[in-house]
Amino acid sequence: MERSSLGLKIPEGMIDLLPAELAQLEELEGKAISVCKNWSYQKVATPGLEYRACVEPDADKDDHLYKFFDKNGHILALRPEFTTPIARMVATRQKGGQFPLRFCYSGDVYRNDSARYREFRQVGVELIGSDNDIADAEVIALAIEIMKMLAIKNFQLNLGHNGIFSGLAEEMKFETKVREELEDGIARKDMVKLEKIISSNDLPESAKELLLSLPYLTGKEEVLDKLQSWTHIKPIRKAVESLRTIYLYLKEFGVQDYVSLDLGILRGFSYYTGAIFEGYLPGIGVPLIEGGRYDGLYADFGMNHGATGFAINLGFMLEKAADFELDMADVLVYGQSPGAVIKRCRELRKSGKKVEMALGFLAETDARNLASSRGIALLEKIESNK
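These lines cover the structure that appears in this document, whether it is placed above or below. Counting of residues starts from 1 at the beginning of each chain's written sequence and follows it residue by residue. Under the rules for a predicted model, residues below a pLDDT of 70 receive no local features and side-chain atom pairs below 80 are neither given nor counted, while totals for whole chains, interfaces and linings still include all residues. To obtain the side-chain values, all non-hydrogen atoms of the structure were included, while hydrogens and water were left out.

This brings us to the sheet that holds strand β5 (residues 101–110). The pairing criterion for strands is at least two bridges between them, as found by DSSP. A run of DSSP states H or I qualifies as a helix once it reaches four residues; a run of E qualifies as a strand once it reaches two. Both are numbered from the N-terminal end. Read across the open sheet, the nine strands follow the order β1-β5-β6-β12-β11-β10-β7-β9-β8; overall the sheet is mixed. Two strands lie at the open edges of the sheet, namely β1 (42–43) and β8 (218–219), each paired on one side alone.

The structure is reproduced here in structure tokens:
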């Protein structure tokens, strides 16, 4: 039966990968995981399907999940990220483990939103069982080392802290709706929206000034001095102290030059509680690295563990990576006797050669043309079944 026009398309946000594209993606993925393993992160895997109750426990909250029902009527969801499934795995299978745990992962995630990619390959890490600032510094330094290993140039990593805005919000007793609108305005650096929200709410002038300045508080460590008048608020003071400490550790790791502070970063996932960071490439308006501390997540699974980590979107990196050459066959084998050709191919493959076998008899000219089109340097003609 002939396919309809819809049958010739793929769903919005999904992608096909041709051999060269897939080979390049897998090379990036392999190199990234090798760096993680060198830092003592062990690779784990979680299912592509999770119960909705795991990845989005608030049934009344808007989400971007691909959802459907199983035969028992339970709502399932395609995995939108790895952090929460790994927390579930730790809570159910590693409760008596020796902490801290260092895990890395790679796999596809799915998000039903308006972004260009709704399916994309992630690699990332989770460092579970430490609330020390040095753990945050370690994962940030590791993210940078991965970017360096992958020869991704001109990337910039921005570091912030959720405690700055959340501390101000608690002090000012923002209503939930106002808080959410302010978060969105600051995160998007939408000054029109931000000014509108601030002008329509009765706030002290000093609070208005801080909220309007957050999107612009970027740079090196001296940016933190501009919060000095707010450090009487405990969460803000702790956030400033934490950022200073992390920044110092990053200098010890030798990666401080890659990092700028951005006090206007506010991450989309609700579980982030402390230091947060994003990595950007020129020409791409969304972060390709997203990470931070999420000390409250494990409490949802009945465990008291601080944790931090990050994920890298390899799809964006694929766009910026240099042209990739496929690892083609070493030799093309052809001849008149199928049995002899098969036998020779087996011998060559056993010796470690990559072999392409001609399917049917080829004239010498046709064999040379085929090898040339495939980028195969050697030809071997089998004359008879010996």
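Within a sheet, adjacent strands bond to each other through the backbone by hydrogen bonds, running parallel or antiparallel. Within the open sheet, the three strands sit side by side as β2-β4-β3. Their pairing is antiparallel. Edge positions in the open sheet fall to β2 (49–51) and β3 (67–69), since each of these has one partner strand only. In this sheet, neighbouring strand axes are inclined to one another by 40° on average, regardless of whether the strands run parallel or antiparallel. As paired elements, β3 and strand β4 (residues 75–78) share three bridges and run antiparallel to each other. Each residue of the ladder has a partner; that of Lys67, found in β4, is Ala77. Every angle, taken between N-to-C directions, lies between 0 and 180 degrees, and every axis is a line fitted to C-alpha atoms, over only the stretch in contact when it is a helix.

All right, on to the pattern of salt bridges then. A side chain of one charge can pair with a side chain of the opposite charge if their charged atoms are brought near each other. By definition, a salt bridge exists where a carboxyl oxygen of Asp or Glu is found within 4 Å of a side-chain nitrogen of Lys or Arg. Under the criterion given, the structure shown has 22 salt bridges. Across the salt bridge formed by Lys354 and Asp327, the nearest N and O atoms sit 3.7 Å from each other. One end of the pair, Lys354, is in the loop between α12 (338–350) and β14 (355–357); the other, Asp327, is in the loop between α11 (314–320) and β13 (331–335), and 27 residues separate them in sequence. Residue classification places Lys354 among the partly exposed positions, given a relative accessible area of 33%. The class of Asp327 is exposed, set by a relative accessible area of 61%. Across the salt bridge formed by Arg344 and Glu347, the nearest N and O atoms sit 3.1 Å from each other. Pair noted here: Arg344 and Glu347 are both in helix α12, with a separation of three residues, about one helical turn. Three exposure classes are used, based on accessible area relative to the maximum for each residue type with a 1.4 Å probe and protein chains only: buried under 20%, partly exposed in between, and exposed over 50%. Assessed through its relative accessible area of 39%, Glu347 is described here as partly exposed. A single salt-bridge network, built from bridges that share partners, covers Glu29, Asp108 and Arg121.

Of all the positions in helix α8 (residues 205–213), only Ala207, Lys208, Leu210 and Leu211 are classed as buried. Buried positions in α8, seen along its axis, are confined to an arc of 165° and lie on one side of it. With respect to the buried face of α8, the exposed residues turned more than 90 degrees away are Glu205 and Glu209. The contact rule is simple, with two residues in contact once any of their heavy atoms fall within 4.5 Å. On its buried face, α8 is in contact with α5 (162–172), α6 (176–187) and α7 (191–199). Our arc is simply the arc of the directions from the helix axis toward the C-beta atoms.

Ring pairs are drawn from Phe, Tyr and Trp, using the six-membered ring of Trp, whenever the two centres fall within 6.5 Å, and their geometry is named by plane angle: stacked under 30 degrees, edge-to-face over 60, tilted for the rest. Following the criterion strictly, the structure yields seven aromatic pairs and no others. With centroids separated by 4.3 Å and ring planes inclined at 20°, the aromatic side chains of Phe82 and Tyr105 adopt a geometry described as stacked. One end of the pair, Phe82, is in the loop between β4 and α3 (83–93); the other, Tyr105, is in strand β5, with 23 residues separating them in the sequence. Of the two residues examined, Phe82 and Tyr105, each falls in the buried class. When the centroid spacing of 6.5 Å and the interplanar angle of 35° are considered together, the rings of Phe165 and Phe174 count as tilted. For Phe165, a relative accessible area of 2% gives the class buried.

The N-to-C vectors of helix α4 (residues 133–149) and helix α9 (residues 234–253) enclose an angle of 50°; their axes lie 9 Å apart at closest approach. As the angle between them shows, α4 and α9 are arranged oblique. Judged by the twist between their axes, the crossing of α4 over α9 is right-handed. Contacts between α4 and α9 involve Asp133, Ile134, Asp136, Ala137, Glu138, Ile140 and Ala141 from the former and Ser242, Thr245, Ile246, Tyr249, Leu250 and Phe253 from the latter. Each residue is assigned to one of three groups, with Ala, Val, Leu, Ile, Met, Phe, Trp, Tyr, Cys and Pro labelled nonpolar, Asp, Glu, Lys and Arg labelled charged, and all others, Gly among them, labelled polar. Partitioning the contact of α4 with α9 into residue classes produces eight nonpolar, two polar and three charged. An angle counts as roughly parallel when it lies under 35 degrees, as roughly antiparallel when it exceeds 145, as roughly perpendicular when it falls between 65 and 115, and as oblique in every other case. For any pair of crossing helices, the crossing counts as left-handed if the nearer helix is rotated counterclockwise from the farther one by less than a right angle, and right-handed if it is rotated clockwise.

The subject of this paragraph is unusual backbone geometry. The omega torsion across Phe99 and Pro100 is 5°, close enough to zero to call that bond cis. The topology assignment puts Pro100 in the loop between α3 and β5. Backbone geometry places Ser40, a non-glycine residue, at a positive phi of 75°. Within the fold, Ser40 resides in the loop between α1 (19–38) and β1.

Okay, the nonpolar core next. Within the largest apolar cluster, 98 residues are counted, with the highest numbers of intra-cluster contacts made by Ile86, Ile128, Leu159, Leu250 and Phe310. When residues in this core are grouped by element, the largest group, 10 residues, is from α4. In contact with Ile128, not counting residues within four places along its chain, are Ile86, Val90, Phe99, Pro100, Leu101, Phe103, Tyr294, Tyr298, His305, Gly306 and Ala307. Definition used in this section: a nonpolar core is a set of buried Ala, Val, Leu, Ile, Met, Phe, Trp, Tyr and Cys residues joined via side-chain atoms within 4.5 Å.

Any link to function would need more than the numbers given here.
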